[in-house]
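Given next are the chains, with one letter for each unit.
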Amino acid sequence: MGLFDKIKNVFKTKEKEEIEVYDKGLEKTRKEFVSELNILGIKYKKVTDEYFDELESLLIKADIGVKTAFDFLDRLKKRVKKENITDTENLKEVIVDELFLIYVTGENLSDKINMNPTGPTVLLFVGVNGVGKTTTIGKLAYKYKNEGKKVMLIAGDTFRAGAVEQLKIWADKTDSLFFGKENIDPAGVIYEGLENAMKENVDIVLVDTAGRLQNKVNLMNELEKINKVIGKFIPNAPQETLLIIDATTGQNGILQAESFKSITNITGIVLTKLDGTAKGGIVLAIKESVGIPVKFIGLGEGMEDLKSFDIEEYIYGLFKDMI
Ligand SMILES: Nc1nc2c(ncn2[C@@H]2O[C@H](COP(=O)(O)OP(=O)(O)OP(=O)(O)O)[C@@H](O)[C@H]2O)c(=O)[nH]1
Ligand SMILES: [Mg+2]
């Protein structure tokens, strides 16, 4: 079965709510990208150089990244030649197929969360101001609680007014344990929080941090200190350091990913606010330009609007109207 048919089948085989979140969350990107792709197909009917030029602008507009767009077009042109494709109508399938390949080829990047088999799993959340760190932690607490796990949230963002309280609200909402103190050093809070987590036999610890990037050296030192504290309690922890990126910031998000990658060991990306943007192509750009897997995507503000990233569902969400 070709990928195109496989994706068509996604809708039949997966749970309906799962699909609906992608469907709704990617509506903006889909409306813009797919409807313009359809218009382009009608306008040209035949695959010409002009068609490719316009396709290129379309891809860049969807924020798949300039390099990704060029590579993609190169591959597409090769296939057009090899498979003798002349009608734009027949190209659609190849476009979906090639976009999928951008994501799955290359390095063997895992989108699974690395769990600690012998003790608490610690997930550390980093990212600049307002990208959705605290909200993502709340959503994940909800997810893990539903899976029957004992969850603790630790407020490592100790400086911004209201940050501790905001996380506490999420802990209450999701019936998770909570540890937080205002106006003390983040590493200190995390230390005390982990002491509690060990005592309470917690399965998953989600650690919030402050979003500051004004001073790279400070941030690097602070993250190093935090990592040391966490590693002292649990060998090999944090099991994951997840960088949160706001999809609506487009290429700026890619720059943030590169910057954070240079100061700490980022193991995965959470791409938030995909529901609020027509730049859904950023998922592909991040993989191609930064080489870090997207592990979760945020498709709304609600507790249930976080999904493990699934490339087939993502492609389905993008191309539903086309296939
Ligand atoms: N539409 C939409 N909004 C989101 C999503 N994720 C987070 N938000 C919103 O983004 C805003 C900022 O989220 P926070 O979780 O406070 O962000 P933060 O990174 O913790 O911010 P700081 O602590 O100030 O650095 C809130 O209004 C959230 O509701 C998402 O996936 N979709
Ligand atoms: Mg926050």
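Residues numbered from 1 in each chain as written. Chains lettered and ligands numbered in written order. Predicted model: local features only at pLDDT ≥ 70, side-chain atom pairs only at ≥ 80, totals over all residues. Heavy atoms only, no water.

Asker: I keep staring at the site of ligand 1 and nothing clicks. Help me out?
Answerer: Near ligand 1 there are 18 residues, and of these K133, T134, T135, D275 and E301 occur at the shortest range. Side-chain polar atom of Q166 to an oxygen atom of ligand 1: 3.0 Å apart, as the coordinates give it. In isolation ligand 1 has 660 Å² of accessible area, and contact with the protein removes 80% of it. With four residues, the single largest contributor to the shell around ligand 1 is helix α7 (residues 133-146). Of the residues contributing to the shell around ligand 1, the split by class is two nonpolar, nine polar and seven charged. (Near = heavy atom within 4 Å. Polar contact = N/O pair within 3.5 Å; in protein donor to acceptor, adjacent residues only side chain to side chain. Areas by Shrake-Rupley, 256 points an atom, 1.4 Å probe, with all protein chains shown as cover. Helix = DSSP H or I, 4+ residues; strand = E, 2+ residues; numbered from the N terminus. Nonpolar A, V, L, I, M, F, W, Y, C, P; charged D, E, K, R; others polar.)

Asker: Got a minute to help me understand the pattern of salt bridges in this structure?
Answerer: Note on pairing: side chains with opposite charge can pair once their charged atoms come close. In the structure shown here, the tally under the stated rule is 19 salt bridges. Between E83 and R79 there is a salt bridge, with its nearest N and O atoms 3.0 Å apart. Note that E147 and K149 form a salt bridge whose closest N and O atoms lie 3.3 Å from each other. Looking at K149, the relative accessible area reads 27%, which means it is partly exposed. Several salt bridges share partner residues, and in doing so they unite R75, R79, E83, D97 and E98 into one network. (Salt bridge = Lys/Arg side-chain N within 4 Å of Asp/Glu carboxyl O. Buried < 20%, exposed > 50% of the residue type's maximum accessible area, 1.4 Å probe, protein only.)

Asker: Sorry, what's going on with the pairing of strand β5 (residues 240-246) here?
Answerer: Within a regular strand, side chains alternate between the sheet's two faces. When you tally the buried positions in β5, you get seven out of seven residues, the bulk of the element. By the alternation rule, side chains of β5 split into E240, L242, I244 and D246 and T241, L243 and I245, which are all buried. Here four bridges tie strand β1 (residues 121-126) to β5, and the two strands are oriented parallel to one another. Looking at β5, one finds that L123 is bridged to E240. With five bridges joining them, β5 and strand β6 (residues 268-272) adopt parallel strand pairing. In the sheet register, I244 faces β6, and the bridge partner there is V270. (Pairing = 2+ DSSP bridges.)

Asker: Teacher, can you tell me more about the environment of L99 here?
Answerer: Mapping L99 onto the fold places it in helix α6 (residues 88-104). With residues up to four places along the chain from it excluded, the contact list for L99 reads I64, F72, L284, I315 and F319. (Contact = heavy atoms within 4.5 Å.)

Asker: Would you mind showing me how to read the packing of helix α11 (residues 251-263) against helix α12 (residues 282-290) here?
Answerer: Two numbers describe a pair of packed helices, the interaxial angle and the distance between the axes. Remark: α11 packs on α12, axes separated minimally by 10 Å, with the N-to-C direction vectors making an angle of 35°. In the packing of α11 onto α12, the handedness of the crossing is right-handed. Between α11, through I254, A257, E258 and K261, and α12, the contact on the second element is made entirely by I282, A285, I286, S289 and V290. Per-class residue counts for the contact of α11 with α12 are six nonpolar, one polar and two charged. (Axes fitted to C-alpha atoms, helices over the stretch in contact; angles between N-to-C directions. Left-handed = near helix turned anticlockwise from the far one by under 90°.)

Asker: I'm lost on the sheet that holds β1 in this one. Help?
Answerer: Pairing between sheet strands relies on hydrogen bonds along the backbone, with the strands arranged either parallel or antiparallel. A sheet is described by the order of its strands in space; here eight strands give the open sequence β3-β2-β4-β1-β5-β6-β7-β8, paired in mixed fashion. Edge positions in the open sheet fall to β3 (177-179) and β8 (306-308), since each of these has one partner strand only. When the angles between neighbouring strand axes are averaged without regard to direction, this sheet yields 20°. Bridging between β6 and strand β7 (residues 294-298) involves three bridges; their strand directions are parallel. Residue pairing for β7: I269 is matched across the bridge by V294. Most of the contacts of helix α9 (residues 186-199) go to strand β2 (residues 151-156), to which it runs at about 165°, and overall it touches β1, β2, β3 and β4 (204-209).

Asker: Quick question: what am I supposed to make of the layout of surface pockets here?
Answerer: Empty space among the atoms can be located by rolling a probe the size of a water molecule over them. One number sums up the size of the largest pocket: a volume of about 410 Å³. Where the lining of the largest pocket is concerned, the elements lending two or more residues are α2 (16-25), α7 and β8. The residue inventory of the lining of the largest pocket, partitioned by class, reads five nonpolar, two polar and ten charged. When we break the lining of the largest pocket down by domain, the ones giving at least three residues each are domain 1 (3-104) and domain 2 (121-310). (1 Å grid on protein atoms, 1.4 Å probe; cavity = no way out; pocket = protein on both sides within 12 Å on 5 of 7 lines; lining within 4 Å. Points joined across faces, edges and corners; volume = space filled by probe spheres on them. Domains from an automatic or database assignment.)

Asker: Looking at this model, I keep getting lost on the nonpolar core. Mind explaining?
Answerer: Soluble globular proteins tend to pack their nonpolar side chains together in the buried interior. In this structure, L55, L206, L271 and Y314 are the most contacted members of the largest nonpolar core, which totals 100 residues. At seven residues, α6 tops the list of elements feeding residues into this core. Counting only domains with at least three residues in this core, you end up with domain 1 (3-104) and domain 2 (121-310). Apart from the residues lying within four places of it in its own chain, the contact partners of Y314 are Y22, L26, G280, G281, V283, L284 and F309. (Core = buried A, V, L, I, M, F, W, Y, C linked by side-chain atoms within 4.5 Å.)

Asker: Explain the domain arrangement of the chain to me, please; I cannot follow it from the model alone.
Answerer: In many analyses, interface size is given as the accessible surface area lost on bringing the parts together. As assigned here, the chain comprises domain 1 (3-104) and domain 2 (121-310). Inter-centroid distance (C-alpha atoms) of domain 1 to domain 2 is 32 Å. Counting residues at the interface gives 20 residues for domain 1 and 24 residues for domain 2. Roughly 2,000 Å² of surface becomes buried between domain 1 and domain 2 when both sides are summed, with 54% attributable to carbon and sulfur atoms. The interface formed by domain 1 and domain 2 holds zero salt bridges in total. Connecting domain 1 to domain 2 are five residue pairs in polar contact (both at pLDDT 80 or more). In terms of residue count, α2 provides more of the side of domain 1 that touches domain 2 than any other element does, four residues in total. Partitioning the side of domain 1 that touches domain 2 into residue classes produces eight nonpolar, four polar and eight charged. (Buried area = accessible area lost by both parts, 1.4 Å probe.)

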